[in-house]
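These are the residues of each chain, in order.
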Amino acid sequence: MERSKISVRNLELSYGAARALKNVSMEIRGCAVTALIGPSGCGKSTFLKCINRMNDFVEGVRIRGSVFLDGEDIYDRRVDTTLLRKKVGMVFQQPNPFPMSIYDNIAYGPRLHGIRGRQELDGIVEEALKGAAIFEETKDRLKKSALGLSGGQQQRLCIARALAVRPEVLLMDEPTSALDPVSTRKVEELIRNLKKKYTVVIVTHNMQQAARVCDDAAFFLAGEMVESGPGDVLFSRPKDRRTRDYVAGRFG
Amino acid sequence: MVDETTLYHKRKRPAEAFLLSAVYGAASMSVILLAGMVGYVFFKGAGTVSWSFLTTAASVLQKTSGIGGNLVNTLYIAVLTLLAAVPVGVGAAVYLNEYAKPGKLVRLVEFTTETLSGIPSVIFGLFGMVFFGETLGLGYSLLAGAFTLSLMVLPLIVRNTQEALRTVPDSYRMGALGLGASRFYMIRTILLPSAMPGILTGLILAAGRIVGESAALLFTAGSGSRLPKPGAGASDTIRRLWEKAHESGGTLAVELYLQMQNGRYETAFGIGCVLIGIVLCINLLLKLGADRLGNKA
Ligand SMILES: Nc1ncnc2c1ncn2[C@@H]1O[C@H](COP(=O)(O)OP(=O)(O)O)[C@@H](O)[C@H]1O
Ligand SMILES: [Mg+2]
């Protein structure tokens, strides 16, 4: 078996006294889409945020275990979180463009990481917008506020913003739950394309969506990772009864 | 029994009509009183206001009775005060909102700033005179006055900045942090620009209070009214500006107080006109700025 891009070992997380992740271990392949499924409140978002340490900002959170990215433990004390989050980007449930121009939104990350040259930035912005399949719609209004875009466009803009720092991994937390069906299709298509260059981990509560976009899948329940493996196996012939019940109920 | 075949049964409600007229009466009364007072001040003082009144300093030798020196002092105090209070106030608000863990300490600091804004200004004057004037040896000087006023307007700036920071959605913060921004970078590039309208509101409200303040300044900045002499060259000008900050100087409001005390009501009303004019301008600025920024977002 090829070496995993991300490997999670015995991850435990609690918010104060409440345990949110219980001894989670799993492998995530590179250049593939991994879908995390499970009922709401089971810890999918929490798990996702562990992969780029966004949980560091939560008051009273305690984390044990390790998450290896290319063999390096991201919870090691020597880790520079800025560098980590440059490698592991994140797209949120609600599109959250900054209140500035489309161009400045995309250039925010590169500027943050020290790129100042006008031409270089222009190139990165164009590349990122193309990568997120939103270049054609925005190329004539780069200087206009990003808040004027539709919800679906805003979400693709946020994906472009994440791509602009040239990450290796892209974490997406229910990226289409705030979007209409047409925008959802576009974003799903985009996700399938992204895996050529990026490792994508996506949380979704929509089983059909998971089946459409993923290569691998993992089923979470009450803070535990119940079962993981190739998506088609997990959806059609799950090993665990709890997975089978959940999948059967969801596909209806 | 009411005839139910028609809707035309609207009843007269005398109590409601009475209350309505009482409310209208109270509203128009307050407008008329205010407008009347402002009108009266202008009526009595407009004749005094002239170009030379605004640009010369009072001098027995040259037989001038202008307020130019006080005008300059007012500007001086306003700028110095804001220079001291805005960075500290904005910094405190950012700390309270973004860094401090919510808890007893934060509530204590917030309670203190609230209380600070209710303290009579003359007490700031007393403290400023003893602390800045005597302990720090600034004497009666524009600098001592400005420091005193910075304490006084600090709550205004802290509160307005905090309100503004609270309205910035968390998703902006997470978006920036998720791209790898440090907290400080995120605050500088996302939060402060988004909170700018609130910060400006606090700044302009503070300017209004500074211009109108007399009790806190009388015994800290004193009552000098000399006009500064223009310096020769840039470095000389800077040196003079710095020296002037250590001299005593009365603002318009302080001068108005002193003129009243001496029974010179004509000059007092003249200064009153100028002060009202300045305050009107500040409020217009506030309104214009709020509209402009409100439209942009
Ligand atoms: N910031 C937080 N503080 C306290 N508890 C939290 C926090 N975020 C999530 N939780 C709790 O952790 C559990 C898992 O939440 P989450 O990861 O958001 O689930 P999911 O994304 O699968 O719906 C839930 O019980 C939730 O209430
Ligand atoms: Mg979630």
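Before reading further, recall that the structure is shown in the block above.
Throughout, residues of each chain are indexed from 1 in the direction in which the sequence is written. Chain letters and ligand numbers both follow the written order, the letters beginning at A and the numbers at 1. A pLDDT threshold of at least 70 governs which residues receive local features in this predicted model, and a stricter bar of 80 or more applies before side-chain atom pairs are shown or counted, although totals over entire chains, interfaces and linings include all residues. Hydrogens and waters are ignored; side-chain quantities use all the structure's heavy atoms.

## Remarks on the site of ligand 1
Residues and elements named next belong to chain A.
Turning to step 1, where the next piece is worked out: Here a residue counts as near a molecule or strand whenever at least one of its heavy atoms sits within 4 Å of it. As a structural note, the neighbourhood of ligand 1 is formed by Tyr 15, Ala 20, Ser 40, Gly 41, Cys 42, Gly 43, Lys 44, Ser 45, Thr 46 and Val 58.
Turning to step 2, where the next piece is worked out: Under the rule applied, a polar contact is a pair of N or O atoms within 3.5 Å (in protein, one hydrogen donor and one hydrogen acceptor; residues adjacent in sequence only if both atoms are side-chain atoms). Contacts to ligand 1 include Gly 41, whose backbone N or O atom sits 2.6 Å from an oxygen atom.
Turning to step 3, where the next piece is worked out: Within the backbone of Lys 44, a nitrogen or oxygen atom sits 2.9 Å from an oxygen atom of ligand 1.
Turning to step 4, where the next piece is worked out: The method behind every accessible area is Shrake-Rupley, applied with a 1.4 Å probe, and residues are considered shielded solely by the protein chains displayed. In isolation ligand 1 has 560 Å² of accessible area, and contact with the protein removes 57% of it.
Turning to step 5, where the next piece is worked out: Looking at the shell around ligand 1, the element that brings in the most residues is helix H1 (residues 44-50), giving three residues.
Turning to step 6, where the next piece is worked out: Along the lines of polarity and charge, the residues of the shell around ligand 1 split into four nonpolar, five polar and one charged. Working definition: helices are DSSP H or I runs of at least four residues, strands are E runs of at least two. Numbering for both runs from the N terminus. Three categories are distinguished: nonpolar for Ala, Val, Leu, Ile, Met, Phe, Trp, Tyr, Cys and Pro, charged for Asp, Glu, Lys and Arg, and polar for the others, with Gly belonging to the last.

## A short note on empty space enclosed by the protein
Turning to step 1, where the next piece is worked out: Here a cavity means grid points, on a 1 Å grid over the protein atoms only, where a 1.4 Å probe fits yet cannot get out; a pocket means an open set of points with protein on both sides within 12 Å along at least five of seven lines; lining residues are those with an atom within 4 Å of a point. Grid points are joined across faces, edges and corners, and a volume is the space filled by probe spheres set on the points. Counted under the stated rule, the structure contains one cavity of 30 Å³ or more.
Turning to step 2, where the next piece is worked out: There is about 40 Å³ of room inside the largest cavity.
Turning to step 3, where the next piece is worked out: Forming the walls of the largest cavity are Met90(A), Phe92(A), Cys158(A), Arg161(A), Ala162(A), Gly175(B) and Leu179(B).
Turning to step 4, where the next piece is worked out: In terms of residue count, helix H6 (residues 151-163) of chain A provides more of the lining of the largest cavity than any other element does, three residues in total.
Turning to step 5, where the next piece is worked out: Residue composition of the lining of the largest cavity, by class: five nonpolar, one polar and one charged.

## Details of the packing of aromatic side chains
Turning to step 1, where the next piece is worked out: Two aromatic rings from Phe, Tyr or Trp, using only the six-membered ring of Trp, form a pair when their centres are within 6.5 Å; if the ring planes differ by under 30 degrees the pair is stacked, by over 60 it is edge-to-face, and anything between is tilted. In total, this model carries nine aromatic pairs over all chains according to the counting rule given.
Turning to step 2, where the next piece is worked out: Taking 5.4 Å as the distance between ring centres and 40° as the angle between the ring planes, the aromatic pair formed by Phe132(B) and Phe147(B) counts as tilted. Of this pair, Phe132(B) sits in helix H5 (residues 121-135) while Phe147(B) sits in helix H6 (residues 142-166), placing them 15 residues apart in sequence.
Turning to step 3, where the next piece is worked out: An aromatic cluster is defined as three or more aromatic residues linked by ring pairs; in this entry it consists of Phe127(B), Phe131(B), Phe132(B) and Phe147(B).
Turning to step 4, where the next piece is worked out: Cation placement over rings: the criterion is NZ of Lys or CZ of Arg within 6 Å of the ring centroid and within 35° of the ring normal. Over the face of the ring belonging to Tyr103(A) we find Lys143(A), whose NZ or CZ atom lies 4.1 Å from the ring centre.
Turning to step 5, where the next piece is worked out: The ring centre of Phe98(A) lies 4.1 Å from the NZ or CZ of Arg161(A), which sits over that ring.

## Things to note about the sheet that holds strand E5 (residues 72-73) of chain A
Residue and element names in this part refer to chain A.
Turning to step 1, where the next piece is worked out: Here a strand pair is declared whenever DSSP counts at least two bridges between the two strands. Strand order in the open sheet made by the four strands is E2-E1-E4-E5, with antiparallel pairing throughout. The sheet terminates laterally at strand E2 (18-28) and E5, the two strands that pair on one side only.
Turning to step 2, where the next piece is worked out: Sheet analysis places strand E1 (residues 6-15) next to E2, joined by seven bridges and oriented antiparallel. Paired with Tyr 15 across the strands is Ala 18, a residue of E2.

## Structural notes on the sheet that holds strand E10 (residues 224-230) of chain A
Residues and elements named next belong to chain A.
Turning to step 1, where the next piece is worked out: Read across the open sheet, the six strands follow the order E6-E7-E8-E3-E9-E10; overall the sheet is mixed. Each edge of the sheet is formed by a strand with only one pairing partner; in this case those strands are strand E6 (88-91) and E10. On average, each strand axis in the sheet is inclined to that of its neighbour by 15°, with strand direction left out of account.
Turning to step 2, where the next piece is worked out: Where strand E7 (residues 169-173) meets strand E8 (residues 199-203), five bridges bridge the pair, whose relative direction is parallel. Bridged to Leu 170 within E8 is Val 200.
Turning to step 3, where the next piece is worked out: Only heavy atoms matter for contacts: two residues are in contact if any of them lie within 4.5 Å across the pair. An axis is simply a line fitted to the C-alpha atoms; with a helix, the fit covers only the stretch in contact. Between two such axes, the angle follows the N-to-C directions and lies from 0 to 180 degrees. The sheet strands contacting H6 are E6 and E7, and the helix crosses E6 at an angle near 170°.

## Considerations on the packing of helix H4 (residues 118-131) of chain A against H6(A)
Residues and elements named next belong to chain A.
Turning to step 1, where the next piece is worked out: It is the contact of H4 with H6, at a shortest axis distance of 8 Å, that shows an interaxial angle of 130°. With respect to each other, H4 and H6 are oriented oblique. Here the hand of the crossing between H4 and H6 comes out right-handed. Where H4 abuts H6, its residues Ala 128, Leu 129 and Gly 131 lie against Leu 157, Ala 160 and Leu 163.
Turning to step 2, where the next piece is worked out: Taken together, the residues of the contact of H4 with H6 sort by class into five nonpolar, one polar and no charged. Roughly parallel means an angle under 35 degrees; roughly antiparallel means over 145; roughly perpendicular covers 65 to 115; every other angle is labelled oblique. Here is the rule for handedness: rotate from the far helix to the near one, and if that takes an anticlockwise turn smaller than a right angle the crossing is left-handed, while a clockwise turn gives right-handed.

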